[in-house]
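Structural characterization, general
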Amino acid sequence: MSAQDPLYYWSYLGLDELLGAQRLVSASDGREPAHDELLFIVTHQAFELWFKQILWELDAAIETLGQEPVPEAAMGQVVRNLERIVAIQPLLVQQFQVLATMTPLDFLDFRDELIPASGFQSVQFRLIENRLGLPPRTRLKIKGARYTSRLSEEHAQRLDASESEPTLLGVLDRWLARTPFLRFGEFDFWAVYREAVETMLERDRRLIEHNPSVDEVVRQQQLDAFEVTRDTFGPLFDHDAWEALRAEGKRQLSQESFLAALLISLYRDEPALHLPFRLLTALIDLDEGFTAFRNAHAQLVHRTIGGRIGTGGTSGHGYLQAAARRHQVFTDLFDLATYHLPRKELPHLPEQVREQMSFRYADRG
Ligand code: HEM
């Protein structure tokens, strides 16, 4: 095509390549094709196209949020990158519903010919997981082998390299740690929040101790449960205990960043925190969206191959269910709710802090 040729729909979209890329293994050697294999290929290809778009949005979000400082005007774009991924995710779940119209018997017409290929080898899906910040040590191992063990050398190297590239979790952690409002002049959010927590816990303990409608056995049970609640707050105020949890992989964010996320979620109505709150919400939605993807996939696998092992060699449905639980990335953001205080018990922000958090326009009158 020369520079003068008008743009043509078919070639612009590369439809020769795209529509010529469905090669049915069941129809090789001039055999009659298995009818459902086209659906199987088209669905996987549609997924991979959306994975490409998701990576595009993730890369942009990581690059922007990774800047120090993040240009204020760019924050909205990061939120839009993430919200776009969240809008794509329900499509992925729906695509599994389309593929579920292929019954187990239909699949058996060509399944054995797929061995040893499997979605387990989806390089783009692994890149998404790594970009999000799934720690390599968290991954489930298959018979002791790494997730890259069934990939070509080129793909395995690409994924190995991606493990040391910036992640969304990593840039979020550093961005949160720089939140300006944690200490502001005389104001120390850490100290006022801790005081509010202690007041709330003390009140809860007194309520249990003086509740006239329970006997001593129930009272003791309630006091034991209360101690468990108190213990969950412990590491929040103890740097070493928090870091120990982090080292065990039970916490992802630094203590400072977690506290910043808490401040954002508790005081989200202050104008300067609107966008940061939308960012945290989008991350929770996004994590939930991938869990929904994994659950929908595991359900599809269960109804299509039952208890059989996968073509990629895992236990199949059981492995996928375990991965859905274990391969979540932003669990700290879900856990923020554990540390929320009712609005009426929230410490009031000093006026000069609120002023800094508001959008005030100079009176030009
Ligand atoms: C009838 C349809 C499908 C079946 C029976 C199926 C089966 C499986 C099984 C058994 C696994 C575990 C690995 C293995 O042992 O092979 C797996 C992994 C995977 N499949 Fe599928 N799959 C289907 C459709 C899809 C589709 C449409 C996609 C979209 C790209 C997909 C993407 C994946 C991914 C990304 C993994 C790795 C998941 C992880 O390790 O967390 N699968 N699949």
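Positions within a chain are numbered from 1, following the residues in the order the chain's sequence is written. Local features are withheld for residues below a pLDDT of 70 in this predicted model, meaning they are given only at 70 or higher, and side-chain atom pairs are given and counted only at 80 or more; totals for whole chains, interfaces and linings count all residues. Derived side-chain values reflect all non-hydrogen atoms in the structure, with water molecules and hydrogen atoms excluded from consideration.

Counting from the N terminus, the helices are the DSSP runs of H or I reaching at least four residues and the strands are the DSSP runs of E reaching at least two. A helix is expected to span 1.5 Å for every residue after the first. For helix 10 (residues 216-233), spanning 18 residues, the distance from its first C-alpha to its last is 26 Å, which sits close to the expected 26 Å at 1.5 Å a residue. Only protein chains enter the area calculation, which uses a 1.4 Å probe; residues under 20% of their type maximum are buried, those over 50% are exposed, and those in between are partly exposed. For helix 10, every residue scored as buried is listed here: Arg219, Leu223, Phe226 and Phe233. Down the axis of helix 10, the smallest arc covering the buried residues is 60°, so these residues share one side. Exposed side chains of helix 10 directed beyond 90 degrees from the buried face belong to Val217, Gln221, Val228 and Asp231. Residues count as neighbours in contact if any of their non-hydrogen atoms are within 4.5 Å of one another. Lining the buried residues of helix 10 we find helix 9 (189-209). Any pair of N or O atoms that falls within 3.5 Å is considered a polar contact. Within protein, one atom must be able to donate a hydrogen and the other to accept it, and sequence-neighbouring residues count only if both atoms are side-chain atoms. A side-chain oxygen of the first residue of helix 10 lies 3.1 Å from the backbone nitrogen of Val217; this N-cap is Asp215. What the arc measures is the spread of directions leading from the helix axis to the C-beta atoms.

The criterion for an aromatic pair is that two Phe, Tyr or Trp rings (for Trp, the six-membered ring) have centres within 6.5 Å, with stacked assigned to planes under 30 degrees apart, edge-to-face to planes over 60 apart and tilted to the rest. Tallied over the full model, the rule gives 17 aromatic pairs. With a centroid separation of 5.3 Å and an interplanar angle of 80°, the aromatic rings of Phe107 and Phe110 are classed as edge-to-face. Across this residue pair, the class does not change: Phe107 and Phe110 are buried. Put simply, the rings of Phe47, Phe51, Phe96, Phe125 and Phe293 pair up and form one aromatic cluster. Criterion for a charge above a ring: Arg CZ or Lys NZ at most 6 Å from the ring centre, at most 35 degrees from the ring normal. For Arg126, the ring lying beneath its charged end belongs to Phe120, and the centroid distance is 4.8 Å. A cation over a ring is seen here: Arg139 above Tyr147, with NZ or CZ 3.8 Å from the ring centre.

Let us look at the coordination of the iron atom of the ligand. As a rule, N, O and S atoms within 2.8 Å of a metal are its donors, except that Na, K and Ca use 3.2 Å; water is not among the atoms, so sites may look incomplete. The protein supplies the iron atom of the ligand with one donor atom, His297 (NE2), which lies at 2.1 Å. Summarising the element assignment, His297 is placed in helix 13 (residues 274-305).

With that out of the way, let us pick up the nonpolar core. In a soluble, globular protein the nonpolar side chains are often hidden away together inside. Only buried residues count toward a nonpolar core, which is a set of Ala, Val, Leu, Ile, Met, Phe, Trp, Tyr and Cys residues joined through side-chain atoms within 4.5 Å. Leu168, Leu172, Tyr193 and Leu279 are the most contacted members of the largest nonpolar core, which has 97 residues in total. No other element matches the 12 residues that helix 13 contributes to this core. Residues within four places of Leu279 in sequence aside, it is in contact with Leu65, Met75, Val78, Val79, Leu82, Leu172 and Trp175.

Being near a molecule or strand, for a residue, comes down to having at least one heavy atom within 4 Å of it. The environment of the ligand is made up of 27 residues, and the closest members are Ser118, His297, Gly312, Thr314 and Tyr319. His297 is positioned such that a nitrogen or oxygen atom in its side chain is 2.8 Å from a nitrogen atom of the ligand. Contact between the ligand and Gly313: an oxygen atom at 3.3 Å from a main-chain N or O atom of the residue. Cavity and pocket criteria rest on a 1 Å grid covering protein atoms alone: a 1.4 Å probe that fits but cannot get out defines a cavity, protein on both sides within 12 Å along at least 5 of 7 lines defines an open pocket, and an atom within 4 Å of a point defines a lining residue. What decides whether a molecule sits in a cavity or pocket is whether more than half of its atoms lie within 2 Å of the grid points. Using a 2 Å cut-off from the grid points, one finds that the ligand occupies the largest pocket. Listing elements by their share of the shell around the ligand, those giving two or more residues are helix 3 (37-65), helix 4 (75-99), helix 6 (123-132), helix 13 and helix 14 (317-326). Broken down by element, the shell around the ligand gets its largest block of residues, five residues, from helix 13. Basically, the charged four are Asp, Glu, Lys and Arg, the nonpolar ten are Ala, Val, Leu, Ile, Met, Phe, Trp, Tyr, Cys and Pro, and anything else, Gly included, counts as polar. The class makeup of the residues in the shell around the ligand is 15 nonpolar, 11 polar and one charged.

This part is about empty space enclosed by the protein. Grid points are joined across faces, edges and corners, and a volume is the space filled by probe spheres set on the points. Counted by the stated rule, this structure contains one cavity of 30 Å³ or more. Going through the elements one at a time, helix 6 and helix 13 are the ones with two or more residues in the lining of the largest cavity. When residues in the lining of the largest cavity are grouped by element, the largest group, four residues, is from helix 13. When the residues that make up the lining of the largest cavity are grouped by side-chain class, the tally is four nonpolar, three polar and three charged.

Such coordinate-based values are descriptive only and should not be taken to indicate function.
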